[in-house]
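# An overview of the molecular structure
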Amino acid sequence: MSSFINYFSSNASTILDLFTEHIQLTFLAIIASILIGVPLGILISYVKPAKKPIMGLTNIIQAIPSMALLGFLIPFVGIGTKPAIIMVILYSLLPIVKNTYAGISNVNPDTLEAAKGIGLTRFQVLYKVELPLALPVILAGVRISAVSAVGLMTLAAFIGAGGLGYLVYAGIRTVNNAQILSGAIPACLLALFIDYLFSILESKLIPKNLKIENPPSKTKKYLDNFVIILTCLALIMGSIFTLKDSGKETIKIGSMDFTEQEILSYMVKDLIEDRTDINMEQSLSLGASGIVLDAIKNKDIDMYIDYTGTIYGSVLGHNDTKDTKEILNVCKKEMKSKYNLEVLDELHFNNTYTLAVRKDTAEKYNLKTYSDLEKVSSNLVLSPTLSFMERKDCYKALNNTYNMKFKEVTPIDGSPRYTALQNKNCDVIDAYSTDGLLKKYDLVVLEDDKGAFLRYDAVPVISKELKEKYPQIENILKELGTYLNEDVMIELNYQVDVEGKKSGDVAHDFLIKNGLIK
């Protein structure tokens, strides 16, 4: 608990910013889902043939895994807030549509007949009779959707939309329970507040003759009114603050979903802002390299840091050479011709894939190289990341070079695989050679004696338009590269992953220490 309190107090401003983002995204999604869901519920109440296809579609959407839906939306609407809001809207529709239909359909037929008898038109019957009578059921559906929207919106962090999910995901990645709780607890409190807010709206909107509970006291009424007014003011002020423009030219930089990428993103941001009048906007932890590449191709971002091995093997599909200079030249040439993207010179450190084991495993089987591992692989369980299993330059390249026959292969994404290794749920994991967690858990990194994995030299990737408009950026990044190497990146990653420092602070301190910024 003390670690949580310390983390929360030292990162209060960041948590508040993410909390504000989460509220804005959630309320936008809730309002949009109500505007779509209620009319659809009314439609299927009046047009009976539309009921099956609309209800069937909303049920199917509800059954689709949320991460799969996000992945499906990215190629069409890009990264950031759009896919996150669309996803939450789609998942919120079922309770609203279903409850709206149920509420209207269960209105007493005699009441409807009486309404028609006094001369009300069909539209008047709807808004004067059916909707007021169905309102308790409709609001119950809206309330369920609103509360679940808070939890769903935590997934927004996976595609650069921000929100409290960023803290949860970053905490899982670095095995930082205090950081996880700093995102989860505010999200939980927000869900409870939204539930309370909609209970207030229910009490105000539902006709008195349909209420079951006793009327609230005057004090409760004043408190409810105060909460609603304060909420509206907070949303308005938050929107105004978000829409403020710095007046500077803005460049968007993206990053993949691991610590080193965030540190590099902050380094580039601070350097460019210090040396130019450009304002840098970040989209952190977008996911695997393929997602970030899609983002720059769709112009959702202008630049990011990639790795030569990833571009050469995974993006371009090559596996016929391992010469460092040739790989970089091919990457530059083909990324420009195929995607109109510029690959700049490397940043002087190689973050290749490697395999790691516990010390007791290494001692038991006398493991030093991949060839040693190959001989005893049938006795061991491998737990690689999901991307390692899928990419041509990873697990497939490993099997093409070594005859590995693991007892079991159980993919585990992110840092939980380190926890699984420590708990002896697995014996071998994949890792990046500059991972700070390798040092934290004191693991034995095996030697790739036959060269299964390519070199993964870090390289900036920028749009052709950006390079032409701001040629000075290339020289700025080239200067940064002269201060980086594998040992430096291991230490910087360690400060974030193990010592619990912020990626932005670690990057900023490094730049100041080396005289790169004032």
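Quick look at the structure, then. (Residues numbered from 1 in each chain as written. Predicted model: local features only at pLDDT ≥ 70, side-chain atom pairs only at ≥ 80, totals over all residues. Heavy atoms only, no water.)

On inspection of all chains with the given rule, the structure shows 13 aromatic pairs. Judged by centre distance (6.0 Å) and plane angle (50 degrees), the rings of Y353 and F453 are tilted. In this pair, Y353 sits in strand β5 (residues 353–357) while F453 sits in the loop between β9 (444–445) and β10 (458–463), placing the two residues 100 residues apart along the sequence. A residue is classified by how much of its surface remains accessible, and Y353, at 3% relative accessible area, is buried. On the accessibility criterion, F453 (7% relative accessible area) is buried. The rings of F258, Y307, Y353, Y370, F388, Y395, Y402, Y432, F453 and Y456 are connected pair by pair, giving a single aromatic cluster. (Phe/Tyr/Trp six-rings, centres within 6.5 Å; stacked < 30°, edge-to-face > 60°. Helix = DSSP H or I, 4+ residues; strand = E, 2+ residues; numbered from the N terminus. Buried < 20%, exposed > 50% of the residue type's maximum accessible area, 1.4 Å probe, protein only.)

Under the counting rule described, the total for this entry stands at 21 salt bridges. Here K359 makes a salt bridge to D442, at a shortest N to O gap of 2.9 Å. One end of the pair, K359, is in helix α15 (residues 359–365); the other, D442, is in the loop between α20 (436–440) and β9, with 83 residues separating them in the sequence. On the accessibility criterion, D442 (42% relative accessible area) is partly exposed. Three or more residues joined by partner-sharing salt bridges are found here, namely K336, E342, K467 and E474. (Salt bridge = Lys/Arg side-chain N within 4 Å of Asp/Glu carboxyl O.)

Let's shift gears to the packing of helix α1 (residues 2–10) against helix α9 (residues 177–205). Any two packed helices are characterised by the angle at which their axes cross and by the distance between the axes. Where α1 contacts α9, the two axes come as close as 9 Å, and the packing angle between them is 75 degrees. Taken together, α1 and α9 sit at an angle that is classed as roughly perpendicular. Contacts between α1 and α9 involve S3, F4, Y7 and F8 from the former and A178, Q179, L181, S182, I185 and P186 from the latter. Classifying every residue of the contact of α1 with α9 gives seven nonpolar, three polar and no charged. (Axes fitted to C-alpha atoms, helices over the stretch in contact; angles between N-to-C directions. Parallel < 35°, antiparallel > 145°, perpendicular 65-115°, else oblique. Contact = heavy atoms within 4.5 Å. Nonpolar A, V, L, I, M, F, W, Y, C, P; charged D, E, K, R; others polar.)

Next up on the list: empty space enclosed by the protein. Remark: the empty space left among the atoms is shown by a probe the size of a water molecule rolled over them. Following the criterion strictly, the structure yields one cavity of 30 Å³ or more and no others. Quantified by volume, the largest cavity comes out at close to 40 Å³. What lines the largest cavity is simply L344, D345, P460, E474, L477 and K478. In terms of residue count, helix α22 (residues 472–481) provides more of the lining of the largest cavity than any other element does, three residues in total. Within the lining of the largest cavity, the residues separate by chemical class into three nonpolar, no polar and three charged. (1 Å grid on protein atoms, 1.4 Å probe; cavity = no way out; pocket = protein on both sides within 12 Å on 5 of 7 lines; lining within 4 Å. Points joined across faces, edges and corners; volume = space filled by probe spheres on them.)

Our next topic: α22. Along α22, the positions that sit buried rather than exposed are I473, I476, L477, L480 and G481. Buried residues of α22, viewed axially, fall in a sector of 140 degrees; they line one side. Where α22 is buried, its residues contact β1 (250–254), α11 (259–275), β3 (303–307), β10, α21 (464–469) and α24 (503–513). (Arc of directions from axis to C-beta.)

What follows is about the nonpolar core. One finds M267, M303 and L398 to be the most contacted residues of the largest nonpolar core, which totals 132 residues. Ranked by size, the runner-up nonpolar core spans twelve residues in total, among them A356, I429, A431 and L438. (Core = buried A, V, L, I, M, F, W, Y, C linked by side-chain atoms within 4.5 Å.)

The phi dihedral of N340 is positive, around 60 degrees, even though this residue is not glycine. Within the secondary structure, N340 sits in the loop between α14 (324–339) and β4 (341–343). Judged by its relative accessible area of 33%, N340 falls in the partly exposed class. Despite not being glycine, D442 shows a phi value in the positive range, around 55 degrees.

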